[in-house]
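A structural walkthrough
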Amino acid sequence: MKTKINFLFLLLLITFCSCTKSKYVTLDINSISVYFDEQLIDDNKPVCLRFNIYSKELFPKAYSFEDYVVVKSNSILIKIDKIRDNGKCNYDYLSSLSPENIDSLKCAASGDFIINNLQRGNYNFEIDIFDQQFKGELILSDKIATLNFDDTSNVEQFNKSINIVPDSCIFGTYYYLNNSDNNHFNDFVEELKSNKCKEINLLPGHYRAFEVDKQGKIFFNQGQIQNNEIKFIFKYDMNIDEIVSVLNNFINRFPETYGVIMRDSNGNYFNIKKPSN
């Protein structure tokens, strides 16, 4: 009886180890596609970049890259040393496909990698997938991030440059009363300028928190713009709490000003308005 129990235990152990081991595979990934954008994940700090990496070759199963990221002084390494087998390819439109098309479906091996709290500057950038190395350079300026791979690297890039929300900036919406004859926005601008803030111009395009049109105006994804609101963005050279204090003081001095809703470049949210009576 004891021998039988030991045999069953050994069989279960072998089965468990086999199943665990089969979760990981080794694939020959010779060429990749890369897309990147700016994110601001909770509890992380800017600059926070997300890199989507895909194999250019398609496979009959869904494989995901598992990694670790190393950032040292002026170098960034995304090291992919595990590839997980997640079973059949799975897309949202599978239910609309015929059985024979589902069986022949193929997909890319892929992974998303977040690197946060990057300082402005130039980095040697490298992606290693087992023995394959894809080398390039990442350049972070105050408003733009640029990623370039070596000509010898077999990398397809969906984008080489993205817009970055500048460091030490506030952006948001200035609100004034609908029945006001003077919105006092110019006074608002001068108030900030006199407190170590300056207006900045951004390149048109998409940013992680807003859009900028060809005229340099910023827009937030909040539906239709009302007549009694004006968008703004400023760089600041003071403590953010001091700015909030300045704005509270301004709103109390100008009855026509309803309030200010804004964020800073670190993602902090501020709703500054007159105290309710």
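Presented here is an overview of the structure given in this document. (Residues numbered from 1 in each chain as written. Predicted model: local features only at pLDDT ≥ 70, side-chain atom pairs only at ≥ 80, totals over all residues. Heavy atoms only, no water.)

1. Observations regarding unusual backbone geometry
Which entries qualify depends on this criterion: Secondary structure elements are defined from DSSP: runs of H or I of at least 4 residues count as helices, runs of E of at least 2 residues count as strands, and each element is numbered from the N terminus.
Residue Val47 follows Pro46 across a cis peptide bond; omega there is -5 degrees. Structurally, the position occupied by Val47 is in the loop between strand E2 (32–39) and strand E3 (48–59).

2. Things to note about the state of the cysteines
Our working rule: The disulfide definition used here is simple: a pair of cysteine sulfur atoms within 2.5 Å. Classification of residues uses two cut-offs on accessible area relative to the type maximum, computed with a 1.4 Å probe and protein chains only: under 20% is buried, over 50% is exposed, and between them is partly exposed.
Going through the model one piece at a time under the given rule, you end up with one disulfide. A disulfide bridge connects Cys89 with Cys107, and the sulfur atoms are separated by 2.2 Å. Negative torsions about the S-S bond denote left-handed disulfides, and the value of about -85 degrees found for Cys89 with Cys107 makes this one left-handed. Remark: Cys107 occurs in strand E6 (residues 107–115) and Cys89 occurs in the loop between strand E5 (75–88) and helix H2 (99–103); sequence separation between them is 18 residues. Note on accessibility: Cys89 and Cys107 belong to one class, buried.

3. Here we look at helix H4 (residues 240–253)
Test applied: For a helix, the expected span equals 1.5 Å multiplied by the residue count minus one. It only takes one pair of heavy atoms within 4.5 Å for two residues to be counted as in contact.
Compared with an ideal rise of 1.5 Å per residue, which puts 14 residues at 20 Å, H4 spans 20 Å between its outermost C-alpha atoms and is within 8% of the ideal. For H4, the secondary structure elements touched by its buried residues are strand E12 (169–176), helix H3 (185–193), strand E13 (197–199), strand E17 (229–236), strand E18 (257–264) and strand E19 (269–273).

4. Some remarks on the pattern of salt bridges
How we decide: A side-chain nitrogen of Lys or Arg and a carboxyl oxygen of Asp or Glu constitute a salt bridge if their distance falls within 4 Å.
Counting across every chain of the model gives ten salt bridges. Note that Lys235 is salt-bridged to Asp142, the shortest N-O span being 3.2 Å. Pair noted here: Lys235 is in strand E17 and Asp142 is in the loop between strand E8 (132–140) and strand E9 (144–149), with a separation of 93 residues, a long-range link. The salt bridge partner of Glu199 is Lys193, with a shortest N-O separation of 3.3 Å. Residue Glu199 is classed as partly exposed on the basis of its relative accessible area of 45%. Lys193 gets classed as partly exposed once you look at its relative accessible area, which sits at 38%.

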